[in-house]
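Okay, here's what each chain looks like letter by letter:
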Amino acid sequence: MKRVSLMVMSLIFLAVIHLSVFFAGFFSPYDYAAQDRELPYCPPTSIHWVNKEGRPLWHPFVYRWVERAGGQRYQEDQRTPYSIHALTRGAKYTVGGMVTWDRHLFGVDPPARVFLMGSDGYGRDLFSRLLFGGQISLFAGLVATLFTLTFGVILGILAGFYGGWPDAIIMRCVELFLALPWLYLLLALRGLLPLHTSPAQAFLLFIIVIGLVGWARPARLIRGVVLSAKERKHLLAARSFGASDLYLVRCHILPEIRGLLLTQAALLIPQYVLAEVTLSFLGLGVGEPVPSWGGILATLQQYHVLISKWWMFSPGLILIPVILSYGVLSNSLQENRSQVGRWIE
Amino acid sequence: MIISSALWLYSLPICETYLGPRTPVGQIMRYVAIRFGQAILLLLGISFFAFAFVAVSPGDFFQEMRLNPQISQNTVSRFRTQYGMDQPFLIRYGRWLKSVGHGDLGYSLAYGSPVVPLLLVRARNTLFLTGTAMFLAWLSALSLGVCCAEWSEGWLDRVCLLATSILLVFPELLLGLCFLALAVRTGWFRTGGMVSPGFEDLSPWNQAKDLAAHLFVPALVLSLGSLPVLFRHVRTAMLEVLDSPSIRAARGHGISRHRILFRHALPVALNPIVSLFGLSLASLLSISLLTEVIMSWPGLGPLLLEAVLSRDVYVVIGATMLSALFLVMGSAAADLLLYASDSRIHPEG
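Residue positions are counted from 1 within each chain, in the order its sequence is given. The naming scheme follows written order: chains are lettered A onward, ligands numbered 1 onward. Whole-chain, interface and lining totals are the exception, using all residues; otherwise, since this is a predicted model, local features are given only for residues with pLDDT of at least 70 and side-chain atom pairs are given and counted only at 80 or more.

Quick notes on the overall build of chain B
So, step 1. The helix and strand inventory of chain B stands at 14 helices and two strands.
So, step 2. Partly exposed residues are those whose C-beta has more than 12 but fewer than 20 other C-beta atoms within 10 Å; 20 or more makes a residue buried and 12 or fewer makes it exposed, with C-beta atoms placed from the backbone. Looking at the 349 residues of chain B, the share that counts as buried comes to 34%.
So, step 3. Long-range contacts, defined here as pairs at least 24 residues apart, represent 72% of the contacts in chain B between residues at least 6 apart. The helix and strand labels rest on DSSP assignments: H or I over at least four residues marks a helix, E over at least two residues marks a strand, and numbering proceeds from the N terminus. Contact definition: two residues whose C-beta atoms, as placed from backbone geometry, lie within 7 Å.

Rendered as structure tokens:
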């Protein structure tokens, strides 16, 4: 029971984070590339309810950050409060590449700025960049997993179902790929491909590279399941009735490997998200100004940012609950596979 | 790629026919020989694959130069001719194989020297770091794992389980950055590089101290990164053994706890631990890439990254091959270790 509620909790968290990342334009107050050169490395804006005389204003408001004389420190200009409006008009954005809109969930009037998580070196809102960066990092993980598993399923079924020389060749290749250090391979493959690419190309390249590197393990696991499923009585019976290979695979083999696929997906997605973050941290992911979590973390390689701008760690911190939820998910999938199987039915 | 995998495929039965009788020693020799052949074919496969990739992907080392207005188009093309980059792909691969025969693995355009000496220095630094880290990780995983299994559900066990759960969800990247921030902020540890400037002038004792100060943070991060998995395996294996009738009987005979743990239980629990040890042995050259880049440790990782960013392809290929070779050799060594530690297991041909 406890496991199931943990699993539900992590599912809810994952749904929330994926939805908010998908609708990043709506939830973020600014465009990811909008700069405010007056406010580089601005700390998170604090949201007030009570003004400086101690009178509550009954709605949340912020003060404007102004530079203190000398140095990079900021202080709040407490003379005028700027209230936070819901559903304000702001920069245009598109959702899912189709709908264009200009309403944002919240925002403040222009001279003031609301930086929920501070700003980066160009004065860009880190909260907005985090949401838009999640579009790259999280969805790269999802799509790469989909790609890898499709690749793995096709090759695994081919190897397990037909046996013989396809099996031998595929399994040798699996051994070859399993023997390679995957991060080195990822870097090497990325290095042999063109460096300066558009964000969409970089995204696509990442997925292809991950697919090339990662298909081996799922393919081997699936082959094992297919090998045992192939000898089941009902499958032999279906074959003797003259069922075609395609029918057998679709109706008898695929249901057998569904549980395995789910568990593998829950294991692989966080790995690939981390791989994307690592690659863009190393400067091989999508380029500026498009944000990705690794790219934001890469500014921490400068020591002055590392030691004094703690809010720049936020993309790393958001990774922890993501990894945790996927971990809980894969654990509970492994433990009560039969139960989960019943839910799916 | 296809050629090499086909070769590999056919190498197995051939090896089987020509390699000695099935005596224990003969079996090991056979196994080593087969693994060796596989490693060579693997390296051939990787290099061929990499060359094919380079041949089809646009741009090369001199492309950056072409953007520089001070270097004329002629100079660039002369450079390319000089380094043989205008030749067809198979000829370049053949030349590269010849340079492998000389023990060079090609020529680094960015460093202006053969690849192998470059790689060896960096690999030594990496091994120094990962060796220390693995030693620390295994020492703490073994001692903590044994203690936690003996006093399971005790306070130490709870603390360790909680700590490893936290470490398990902490990405290595974040761990490295946090420790680096701590080290820079407090100034307790040296960061950046492997030695301080003016290292040569120090006395041997001070040299060792300086090296250790630089080594501390990266080694700590690496060992913390691999500790959770090791600890959990050791603990699970020990728990299983400690629950067995033989150990309960030993306890009933009044044998001391220390002796039971380390003379009776640990050797039995060693099987999964040894294969895990083999894995960490195999990954010695490849696990530390990210940590090295974060801590700017002059190992194989930063070299590979620089080479990738400047498209110095022979260094990329060489570094990948070296770490792959290490992985293959490490996993072979792991199997042999397993064979040595447990006489019920025989190496398969």
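We are not done yet, so read on.
What to know about the overall build of chain A
So, step 1. Per the secondary structure count, chain A includes 13 helices and five strands.
So, step 2. Referenced to the eigenvectors of the C-alpha coordinate spread, the extents of chain A come out at roughly 85 × 45 × 35 Å.
So, step 3. When the 345 residues of chain A are sorted by exposure, 40% land in the buried category.
So, step 4. When contacts within chain A are restricted to residue pairs at least 6 apart in sequence, long-range pairs at least 24 apart make up 69% of them.

Considerations on the packing of helix H3 (residues 126-162) of chain A against helix H9 (residues 245-281) of chain A
Residue and element names in this part refer to chain A.
So, step 1. Axis definition: a line fitted to C-alpha atoms, over the contacting stretch in the case of helices. Angles run 0 to 180 degrees between N-to-C directions. At a minimum axis separation of 7 Å, H3 and H9 run at an interaxial angle of 140°. When the axes of H3 and H9 are compared, the crossing they make is right-handed. For the pair H3 and H9, the contacting residues are Ser137, Leu138, Ala140, Gly141, Leu142, Ala144, Thr145, Thr148, Leu149, Ile157 and Phe161 in the first and Val249, Ile253, Leu261, Gln264, Ala265, Leu268, Ile269, Tyr272, Val273, Glu276 and Val277 in the second.
So, step 2. Throughout this entry, Asp, Glu, Lys and Arg are counted as charged residues, while Ala, Val, Leu, Ile, Met, Phe, Trp, Tyr, Cys and Pro are counted as nonpolar. The remaining residues, Gly among them, count as polar. Here the residues of the contact of H3 with H9 are counted per class, giving 16 nonpolar, five polar and one charged. Put simply, a crossing is left-handed when the front helix is turned counterclockwise from the back one by less than a right angle, and right-handed when it is turned clockwise.

Details of the interface of chain B and chain A
Many structure descriptions define interface size as the accessible area lost when the parts assemble.
So, step 1. Between chain B and chain A, the contact holds 40 residues from the first and 38 residues from the second.
So, step 2. Of all the secondary-structure elements, those providing two or more residues to the side of chain B that touches chain A are helix H1 (2-18), helix H2 (24-56), helix H8 (172-186), helix H12 (289-295), helix H13 (300-309) and helix H14 (313-341) of chain B.
So, step 3. Among the elements that make up the side of chain B that touches chain A, the one with the highest residue count is H14(B) (eight residues).
So, step 4. The residue inventory of the side of chain B that touches chain A, partitioned by class, reads 30 nonpolar, eight polar and two charged.

Remarks on the domain arrangement of chain A
So, step 1. For each domain, the first and last residues come from an automatic or database assignment. One can read the domain layout of chain A as domain 1 (45-114) and domain 2 (131-344).
So, step 2. Computed over C-alpha atoms, the centres of domain 1 of chain A and domain 2 of chain A are 40 Å apart.

Remarks on unusual backbone geometry
Residue and element names in this part refer to chain B.
So, step 1. Unusually for a residue other than glycine, Glu153 sits at a positive phi of about 70°.
So, step 2. A positive phi is found at Ser296, a non-glycine position, where the angle reads about 45°.
So, step 3. Within the secondary structure layout, Ser296 lies in the loop between H12 and H13.
So, step 4. For Ser296, a count of 16 C-beta atoms within 10 Å puts it in the partly exposed group.

A word on the sheet that holds strand S1 (residues 48-50) of chain A
Residues and elements named next belong to chain A.
So, step 1. Pairing is antiparallel across the open sheet formed by three strands, whose spatial order is S1-S2-S3. This sheet does not close on itself; its edge strands, each paired only once, are S1 and strand S3 (74-83). Ignoring strand direction, the axes of neighbouring strands in this sheet form an average angle of 45°.
So, step 2. When DSSP finds two or more bridges between a pair of strands, those strands are recorded as paired. By the bridge criterion, two bridges tie S1 to strand S2 (residues 56-67) in an arrangement that is antiparallel. By the bridge assignment, His48 is partnered in S2 with Phe61.

Describing the nonpolar core
So, step 1. In this structure, Leu186(A), Phe206(A), Met238(B), Leu304(B), Val316(B) and Ala319(B) are the most contacted members of the largest nonpolar core, which totals 153 residues.
So, step 2. Here this core gets 15 residues from one element, more than from any other, and that element is helix H9 (residues 204-242) of chain B.
So, step 3. Apart from the residues within four sequence positions on either side, Leu186(A) is in contact with Val209(A), Val213(A), Ala275(A) and Leu279(A). To count as a nonpolar core, a set of buried Ala, Val, Leu, Ile, Met, Phe, Trp, Tyr and Cys residues must be joined through C-beta atoms within 7 Å.

Concerning the environment of Leu180(A)
So, step 1. Note on placement: Leu180(A) falls in the loop between helix H4 (164-178) and helix H5 (182-192).
So, step 2. We classify Leu180(A) as buried; it has 23 C-beta atoms within 10 Å.
So, step 3. Those residues in contact with Leu180(A) that sit more than four places away from it in its chain are Leu185(A), Ala324(B) and Leu327(B).

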